[in-house]
Amino acid sequence: MPSSPPVVLAFAASDPTGGAGLQADLLTLASLGCHPLSVLTGVTVQDTLGVESLLAIEPDWVASQARRVLADIPVAAFKLGVLGSARNAQVIAALLAEYPRLPVVLDPVLASGRGDALADSESMQVLRSALLPHTTVLTPNSVEARRLAGAAPDAALAGCARELIKLGCKYVLVTGTHEPGAQVVNTLYDARGVVRADRWERLPGSYHGSGCTLASALAALLARGVAVEQAVRQAQEYTWQSLAAGFSPGHGQSIPNRFFESQ
């Protein structure tokens, strides 16, 4: 039998549009040569315009899904998105503690692109206290970075990244889509400060699932053994190309085309 491709386990809520959420993770991971495993943390009612509601999966079910596949299939990395509830975040943190050598990419999805809340204050607190210590790369946008750091809406992002690293994560990749400017600047930080800053042409319109795509691409590259700094650059390139080739099947945001290379 051929050898298995690298395996990545994604924890996320569903998105029936396929633009974001667990479906986006699976598409991205597969397009980058990984085999995706999935643990459903919640069910959403949404379209390309926004999220109407989120039903969290019971924590015991989240843990059981993960433990069943982890006992059967060795994984090379974890990717975390919408976790559904604070209790789900706690059980996932306990699972990650059992795999301290594996890279973890955490996309702290606090709201939809329209601004619909996807995490309450209790979930954010558990994320900060229980999940960040297990995180290799945290991938917040600038709004999420400031909220997670407990900073003002106009606080310097370098200071926010420093606070988040103090909470235990190794790297913070702050994306700059929400910041002004003709270019989008994404900056990777570690305990020493800025590791790299990458500038990208700002594309017109808005996209559903860009953060999921970036975080999943990064998890795929880390699972394939790419070093963090290089993986961050390659994941951004893949995401930008996916957005540039995006399409608009609905009445709201565009959807990234994760299979742009084959088309």
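Summary of the structure given here. Here the structure is a predicted model, which is why all the values come from computation and not from measurement.

**What to know about the overall build of the protein**
Move 1: When helices and strands are counted, the protein shows eight helices and nine strands.
Move 2: Taking 2.2 N^0.38 as the reference for a compact globule, 263 residues should give roughly 18 Å; the C-alpha atoms of the protein span a radius of gyration of 17 Å, in line with that estimate.
Move 3: Dimensions of the protein along its principal axes, counting C-alpha atoms only, are 50 × 45 × 40 Å.
Move 4: Counting the 263 residues in the protein, one finds 52% classified as buried.
Move 5: Partitioning the intrachain contacts of the protein with sequence separation of at least 6 by distance along the chain shows that 66% fall at a separation of at least 24.

**Considerations on the sheet that holds strand 8 (residues 183-190)**
Move 1: Pairing within the open sheet is mixed, and its nine strands lie in the order 3-2-1-4-5-6-7-8-9. In this open sheet, the two edge strands, each paired with only one partner strand, are strand 3 (50-56) and strand 9 (193-201).

**Some words on helix 1 (residues 21-31)**
Move 1: Turning to helix 1, its buried residues are Gly 21, Leu 22, Ala 24, Asp 25, Thr 28 and Leu 29. Along the axis of helix 1, the buried residues cluster in a sector spanning 155°; they form a single face.
Move 2: Looking at the buried residues of helix 1, the elements they touch are strand 1 (7-13), strand 2 (35-47), strand 4 (77-80), helix 7 (210-223) and helix 8 (228-244).
Move 3: Backbone geometry just after helix 1 places Gly 33 at a positive phi near 85°.

**Topic: the packing of aromatic side chains**
Move 1: Scanning the entire structure with this criterion turns up three aromatic pairs.
Move 2: Ring geometry for Phe 11 against Phe 78: centres 6.4 Å apart, planes inclined by 35°, an arrangement best described as tilted. Highlighted residues: Phe 11 in strand 1 and Phe 78 in strand 4, separated in sequence by 67 residues.
Move 3: Judged by relative accessible area, Phe 11 falls into the buried class, the value being 0%.
Move 4: Phe 78 gets classed as buried once you look at its relative accessible area, which sits at 1%.
Move 5: Among the aromatic side chains, those forming a connected cluster through ring pairs are Phe 11, Phe 78 and Tyr 99.

**Let's talk about the state of the cysteines**
Move 1: In the structure shown here, the tally under the stated rule is zero disulfides.
Move 2: Free cysteine Cys 34: the closest other cysteine sulfur is in Cys 212, separated by 17 Å.
Move 3: There is no disulfide at Cys 160, and the cysteine sulfur nearest it, in Cys 169, is 12 Å away.

**Points about the pattern of salt bridges**
Move 1: In total, this model carries eight salt bridges according to the counting rule given.
Move 2: Between Arg 196 and Asp 198 there is a salt bridge, with its nearest N and O atoms 2.8 Å apart. The pair Arg 196 / Asp 198 is uniform in exposure class, with both members buried.
Move 3: Ionic pairing is found between Asp 198 and Arg 233, a salt bridge with its closest N-O pair at 3.0 Å. Residue Asp 198 is located in strand 9, and its partner Arg 233 is located in helix 8; the two are separated by 35 residues in the primary sequence.
Move 4: Beyond isolated ion pairs, a larger network of salt bridges with shared partners links Arg 196, Asp 198, Glu 229 and Arg 233.

**Description of the side chain of Gln 236**
Move 1: Within the element layout of this structure, Gln 236 appears in helix 8.
Move 2: In terms of polar contacts, Gln 236 uses its side chain to reach the side chain of Asp 198, at 2.8 Å.

Definitions and cut-offs
Residues numbered from 1 in each chain as written. Predicted model: local features only at pLDDT ≥ 70, side-chain atom pairs only at ≥ 80, totals over all residues. Heavy atoms only, no water. Helix = DSSP H or I, 4+ residues; strand = E, 2+ residues; numbered from the N terminus. Rg over C-alpha atoms; globule rule 2.2 N^0.38 Å. Buried < 20%, exposed > 50% of the residue type's maximum accessible area, 1.4 Å probe, protein only. Contact = heavy atoms within 4.5 Å. Pairing = 2+ DSSP bridges. Arc of directions from axis to C-beta. Phe/Tyr/Trp six-rings, centres within 6.5 Å; stacked < 30°, edge-to-face > 60°. Disulfide = S-S within 2.5 Å. Salt bridge = Lys/Arg side-chain N within 4 Å of Asp/Glu carboxyl O. Polar contact = N/O pair within 3.5 Å; in protein donor to acceptor, adjacent residues only side chain to side chain.

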